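The residues making up each chain are set out below.
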Amino acid sequence: MIAKLQCTVIDCPDPVALAGFYAEILGWRVDADDPEWVWLISPEGRRFAFQAAPDHKPPRWPDPDHPQQFHLDFDVDTIEDVERAQREVIALGATFLHDSGGERSGFRVFSDPAGHPFCLCYGQS
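- The protein carries the name VOC family protein in an unreviewed UniProt entry, which gives Streptomyces milbemycinicus as its organism.

A look at the pairing of strand β4 (residues 47–52)
Working step 1: The pairing of strand β1 (residues 8–12) with β4 spans 5 bridges and is classified as parallel. Bridging across to β4, Val 9 finds its partner in Ala 49.
Working step 2: The pairing of strand β3 (residues 37–41) with β4 spans 5 bridges and is classified as antiparallel. In the sheet register, Trp 37 faces β4, and the bridge partner there is Gln 51.
Working step 3: Hairpin geometry of β3 and β4 is characterised by an intervening segment of 5 residues between the two adjacent antiparallel strands and by a positive phi of about 100 degrees at Gly 45.

A closer look at the sheet that holds strand β5 (residues 72–76)
Working step 1: Spatial strand order, β5-β8-β7-β6: 4 strands in an open sheet with mixed pairing. What marks the edges here is a single partner per strand, and that holds for β5 and β6 (95–99). Across this sheet, the average inter-strand angle for adjacent strands is 25 degrees, counted without regard to direction.
Working step 2: Sheet analysis places strand β7 (residues 106–111) next to strand β8 (residues 117–122), joined by 6 bridges and oriented antiparallel. Across the sheet, Phe 107 pairs through a bridge with Cys 121, a residue of β8.
Working step 3: Sheet strands touched by helix α1 (residues 15–26): β5 and β8. Its angle to β5, the strand with the most contacts, is close to 25 degrees.

Conventions used here
Along every chain, residues carry numbers that run from 1 in the direction the sequence is written. It should be noted that, the model being predicted, local features are given only for residues of pLDDT at least 70 and side-chain atom pairs only at 80 or more, the latter also being counted only at that level, while totals for whole chains, interfaces and linings use all residues. Side-chain metrics rest on all non-hydrogen atoms present in the structure, leaving aside hydrogens and water. Criterion used throughout: strands pair if DSSP finds at least two bridges between them. The helix count covers DSSP runs of H or I at least four residues long, the strand count covers runs of E at least two residues long, and both are numbered beginning at the N terminus. Between N-to-C directions, angles cover 0 to 180 degrees, with each direction set by a line fitted to C-alpha atoms, over the stretch in contact for helices. By definition in these notes, contact holds between two residues if any of their heavy atoms fall within 4.5 Å.

See the structure below:
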């Protein structure tokens, strides 16, 4: 091993707002002491960082001319749970993009308020 992963850094136009979006999904704590570099911290100490990128160009999933850059997968247990989770992430500002259509397992793709794709996966754990 050469190094340990410190965190994942996500470029976005408004770090405070995007950290707040993911804080609602994960139940993690936001540290916005510096609005240009905002931390999202789990109870166990895992971290994401959100970095100000004023000229951020969001991806356009699944358009290869505007690639994903990264995406996050979040697990829920069942298709009923994904229905609830979908309502909640949309209420937070997510945009629905795609449903894999699985009856027992699958995923639904959304974009966050800055345009990054993420998935709500169900029946996979």
